[in-house]
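So you can see what is in the structure, the chains are spelled out below.
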Amino acid sequence: MIEALIVILTPLFFMPIMTAFMAYSHGRSFWRWFGIGCALPYVSLFVVMFVVHRDKKKLALTPA
């Protein structure tokens with residue numbers, strides 16, 4: 001029973017975990033992005049990539 005539950009839930013949480021990990025590795029909240037990833041599984045990955053890109057671009061433009 002538990003094995004079947006793991007097999008069913010793993011693909012469902014793959015995209016939210018990837019989104020949350022990507023956001024967390026760039027200083028964002030893991031759980032907030034995990035929730036967004038659960039609500040919008042594919043869209044959230046593109047949104048977090050855009051946010052990370054925007055932050056890197058902003059950081060490169062600021063004078064040191």
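Residues numbered from 1 in each chain as written. Predicted model: local features only at pLDDT ≥ 70, side-chain atom pairs only at ≥ 80, totals over all residues. Heavy atoms only, no water.

**Overview of the UniProt feature "transmembrane region" (unreviewed entry) in the chain**
Stage number 1. The feature "transmembrane region" (unreviewed entry), as annotated in UniProt, sits at residues 5-24 and 30-52 in this numbering.
Stage number 2. Taken as a whole, residues 5-24 contains 100% helix and 0% strand, while its terminal C-alpha atoms sit 27 Å from one another.
Stage number 3. Spanning residues 30-52, this segment combines 87% helix with 0% strand, and its end C-alpha atoms are found 14 Å apart. (UniProt positions renumbered as here; feature names shortened; annotations may be inferred. Helix = DSSP H or I, 4+ residues; strand = E, 2+ residues; numbered from the N terminus.)

**Some details on the environment of Ser29**
Stage number 1. Relative to the helices and strands, Ser29 resides in the loop between helix H1 (2-24) and helix H2 (30-39).
Stage number 2. A distance of 3.3 Å separates a polar atom in the side chain of Ser29 from the backbone nitrogen of Arg32. (Polar contact = N/O pair within 3.5 Å; in protein donor to acceptor, adjacent residues only side chain to side chain.)

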